[in-house]
Amino acid sequence: MITNILLFIIFAFLGWIIDTTYCSIAHKKFTPSGYYKGVPLCPIYGFGGILILANFIQLQELYPIYTILITTTIIILLEYIGGWFCEHILKEKLWDYSNIKGNINGYINPIHSIYWLLIVTILYFVINPFIGAITIFLNELQSRFNPYDIYVTIVFLIFAYSLTIRTRD
């Protein structure tokens, strides 16, 4: 469990860096990304990273092209579901591809789907050779931590951060 939380935070942070860089280049000024203002995390990338890694582990017996295509399809579905969730549940549209030809409800489009295919392909060839070592490392990491200590620390950090947000308003 702790490894999933750690992986989620790592992927959410890396996704924030990539998305902030992409948005900043597109807008020609620093444009921080994400739902949480002032927090360098994009949760959808956390979920996506875990899904990618889990798929690479589960599908390691398949030919690479199948693993890459299946994983890319799942990530594109995550982007669609995430877009719908943000708009209809959180009442905020965090991305809008409506102006791009071939979009589906403004949540996904062919260009960004190709980006996902490229990212998944790169990750496959960078991460997949180390899947066995990564699995061993994650299992070892999990065995060394007391989950209770980690949960208390995470709750404390969230609480402390929420106080800083509240006092700034």
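To be clear, the structure that these remarks concern was listed above.
Anyway, here's the lowdown on the structure attached to this text. (Residues numbered from 1 in each chain as written. Predicted model: local features only at pLDDT ≥ 70, side-chain atom pairs only at ≥ 80, totals over all residues. Heavy atoms only, no water.)

Here we come to the packing of helix α2 (residues 43-58) against helix α4 (residues 110-127). When two helices pack together, you describe them by how their axes are tilted relative to each other and by the distance separating the axes. Direction vectors running N to C along α2 and α4 enclose 55 degrees, while the axes themselves pass 11 Å from each other. In terms of their interaxial angle, α2 and α4 are classed as oblique. The element α2 and its partner α4 pack so that their crossing is right-handed. In this structure, α2 contributes Tyr45, Ile52, Leu53 and Phe56 to the contact, and α4 contributes Trp116, Val120, Leu123, Tyr124 and Ile127. In terms of residue class, the contact of α2 with α4 is built from 9 nonpolar, no polar and no charged. (Axes fitted to C-alpha atoms, helices over the stretch in contact; angles between N-to-C directions. Helix = DSSP H or I, 4+ residues; strand = E, 2+ residues; numbered from the N terminus. Parallel < 35°, antiparallel > 145°, perpendicular 65-115°, else oblique. Left-handed = near helix turned anticlockwise from the far one by under 90°. Contact = heavy atoms within 4.5 Å. Nonpolar A, V, L, I, M, F, W, Y, C, P; charged D, E, K, R; others polar.)

Given 3.6 residues per helical turn, the α-helix brings residues three or four places apart onto the same face. With 18 residues, α4 extends 25 Å between its outermost C-alpha atoms, agreeing within 8% with the 26 Å of an ideal straight helix rising 1.5 Å per residue. For α4, the set of buried residues is His112, Ser113, Trp116, Val120, Tyr124 and Ile127. The buried residues of α4 occupy an angular sector of 120 degrees when the element is viewed end-on, so they sit on one face. For α4, the exposed residues lying more than 90 degrees away from the buried face are Ile122 and Phe125. The backbone nitrogen of isoleucine 111 lies 2.9 Å from a side-chain oxygen of the residue at the head of α4, namely asparagine 109. (Expected span 1.5 Å × (residues − 1). Buried < 20%, exposed > 50% of the residue type's maximum accessible area, 1.4 Å probe, protein only. Arc of directions from axis to C-beta. Polar contact = N/O pair within 3.5 Å; in protein donor to acceptor, adjacent residues only side chain to side chain.)

Attention now goes to unusual backbone geometry. Glycine aside, residues mostly have negative phi, and peptide bonds are mostly found in the trans state. A positive phi is found at lysine 91, a non-glycine position, where the angle reads about 60 degrees. Located in the positive-phi region is asparagine 105, a residue other than glycine, with phi close to 55 degrees. Looking at the secondary structure, you find asparagine 105 in the loop between α3 (64-88) and α4. The class for asparagine 105 is partly exposed, based on a relative accessible area of 47%.

Next up on the list: the nonpolar core. Ranked by size, the top nonpolar core spans 15 residues in total, and within it Leu53, Phe56 and Val120 carry the most contacts. At the level of elements, α1 (2-27), α2, α3, α4 and α5 (131-144) are the ones that each hand at least two residues to this core. Apart from residues lying up to four places away in sequence, phenylalanine 56 is in contact with Thr67, Thr71, Val120, Leu123, Tyr124, Ile127, Asn128 and Ile131. (Core = buried A, V, L, I, M, F, W, Y, C linked by side-chain atoms within 4.5 Å.)

Now for the packing of aromatic side chains. This model, assessed by the stated rule, comprises 8 aromatic pairs. With a centroid separation of 6.3 Å and an interplanar angle of 15 degrees, the aromatic rings of phenylalanine 13 and tryptophan 16 are classed as stacked. Taken together, the residues phenylalanine 13 and tryptophan 16, both in helix α1 and 3 residues apart, mark about one turn of the helix. On the basis of relative accessible area, tryptophan 16 is assigned to the buried category, the value being 16%. An aromatic cluster is built from Phe56, Tyr124 and Phe125, whose rings are joined through pairwise contacts. (Phe/Tyr/Trp six-rings, centres within 6.5 Å; stacked < 30°, edge-to-face > 60°.)

Nothing here speaks to function; it is all geometry.
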